[in-house]
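Each chain, letter by letter, is given below.
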Amino acid sequence: MAKQDYYATLGVAKGASADELKKAYRKLAMQHHPDRNPGDGMSEAKFKEVNEAYDVLKDEQKRAAYDRFGHAAFEQGGGPGGFNRGGFDFTDAGNLGDIFDQMFGDAMGGRRGGGRTRAGADLRAPVEISLVEAFTGCDRTLRVPSRVQCDVCAGTGSETRDRASQENCPQCGGSGKVRAQQGFFVVERTCPTCGGMGRVIKNPCRVCHGQGTVQRDKSLKVSIPAGIEDGTRIRVPGEGEAGGPGAPPGDLYVQVAIRPHDLFQRDGANIFLRVPLRMSMAALGGEIDVPSIDGTVGRVKVPPGTQTGAQFRLRSKGFSVLRSTARGDMYIQVAVETPQNLTKKQRELMEEFEAEAKHASKGSPEAEGFFAKVKEFFDHK
């Protein structure tokens with residue numbers, strides 16, 4: 001089945017700004033989050049689609065590639081982490097040397113053959129944290145399926161633990177490549193015997209069979225900094241899969257997801273808290289105590305006559321700012337609540353209040369203004 005357009009997945013136009021993309025993503029991610037839809041396979045699938053779309057479109061380079069080539073930009077193993085055109089992999093390309101080697105290494109005897117051992121693959125691991133943990137920062141212990149250095153041969157691949165116990169590959173003669181005739185063309189491929197390294201172990205280890213690594217889960221602690229954003233990817237150097245004999249390990253990329261909170265909603269460094277007010281409190285005014293993300297209590301003064309939608313700010317009570325001691329602000333959003341299930345006495349008091357309100361002037365200016373306009377409309381009709 002063809003993939004849905006990423007812009008359509010997020011419900012935004014192709015020219016949407018970064019803020020529009022973020023707003024659409026947050027709304028859909030909250031709506032389809034697995035914690036809010038336990039056991040709902042369709043919501044879980046939609047949640048993954050939304051995350052994949054946003055992961056591409058929030059990155060300027062990935063978005064440019066997608067706008068030009070569509071989903072084809074991420075085919076052939078490119079994935080949302082990078083793009084692949086014409087067989088050249090630009091995923092997390094660290095420097096021009098790596099790209100140059102991919103483009104010209106085979107033709108010019110570059111690092112891809114001739115005895116080069118392969119670096120370990122990068123690993124990716126998801127982690128979910130609470131909004132409070134994102135505010136304070138936290139440590140997480142992850143168990144990651146990986147390839148680790150073989151203990152028997154100490155990563156040498158040799159039964160004798162001798163890194164020098166290698167010889168030229170008998171199939172490719174040490175070049176790491178083999179050629180095959182296909183019609184008028186000669187096709188060069190990586191040697192299947194030595195995997196492109198050009199050399200083979202004389203006495204391969206009985207456990208790892210000369211690879212120098214074995215499959216095993218590993219446990220490691222990852223520190224998540226305070227103020228981290230939902231969807232942020234943390235790179236942990238050297239904690240990916242172990243490389244072949246003498247080769248460096250890959251890196252680990254931890255994808256952070258933040259669970260929605262029951263009370264607080266976050267927008268960058270600011271926090272929003274919706275507070276329902278009794279009608280009497282809104283009319284008479286008073287003070288209310290509200291919780292803060294840091295566990296303290298803040299006091300807000302509500303002026304008489306407060307209406308639904310009124311907003312109050314508590315400075316520096318918002319979210320942590322990444323790699324800074326600063327904090328955003330917290331905004332208290334008021335919603336005046338109409339009482340329900342009135343007692344007999346309450347009803348009598350409300351009826352008395354309503355009768356009195358009809359004769360009062362400027363008691364409800366918005367309502368009075370509205371009905372004055374309605375009367376004017378019918379008078380001039």
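None of these values were measured; they are calculated from a predicted model. (Residues numbered from 1 in each chain as written. Predicted model: local features only at pLDDT ≥ 70, side-chain atom pairs only at ≥ 80, totals over all residues. Heavy atoms only, no water.)

> Please give an account of the pairing of strand S17 (residues 330-337) that cites residues and values.
Pairing between strand S13 (residues 270-278) and S17: eight bridges, direction parallel. Bridged to arginine 274 within S17 is glutamine 333. Here strand S16 (residues 311-314) pairs with S17 via four bridges, running antiparallel. The residue of S17 that forms the bridge with phenylalanine 312 is isoleucine 332. (Pairing = 2+ DSSP bridges. Helix = DSSP H or I, 4+ residues; strand = E, 2+ residues; numbered from the N terminus.)

> Can you explain the packing of aromatic side chains? Please cite residues and give values.
Tallied over the entire structure, the rule returns five aromatic pairs. Ring geometry for tyrosine 7 versus tyrosine 66: centroids 6.1 Å apart, planes at 45°, classification tilted. Of the two residues, tyrosine 7 sits in helix H1 (residues 6-10) while tyrosine 66 sits in helix H4 (residues 60-69), which places them 59 residues apart along the sequence. On the basis of relative accessible area, tyrosine 7 is assigned to the buried category, the value being 4%. A residue is classified by how much of its surface remains accessible, and tyrosine 66, at 5% relative accessible area, is buried. Seen in terms of ring centroids, tyrosine 25 and tyrosine 54 are 4.2 Å apart; in terms of plane orientation they differ by 5°. Their pairing is stacked. In this pair, tyrosine 25 sits in helix H2 (residues 18-32) while tyrosine 54 sits in helix H3 (residues 41-57), placing the two residues 29 residues apart along the sequence. Tyrosine 54 carries the same exposure label as tyrosine 25, and that label is buried. Site record: aromatic cluster; members linked through ring pairs are Tyr6, Tyr7 and Tyr66. Across the ring face of tyrosine 253, the terminal group of arginine 233 is positioned such that the distance to the ring centre comes to 4.4 Å. (Phe/Tyr/Trp six-rings, centres within 6.5 Å; stacked < 30°, edge-to-face > 60°. Buried < 20%, exposed > 50% of the residue type's maximum accessible area, 1.4 Å probe, protein only. Lys NZ or Arg CZ within 6 Å of the ring centre and 35° of its normal.)

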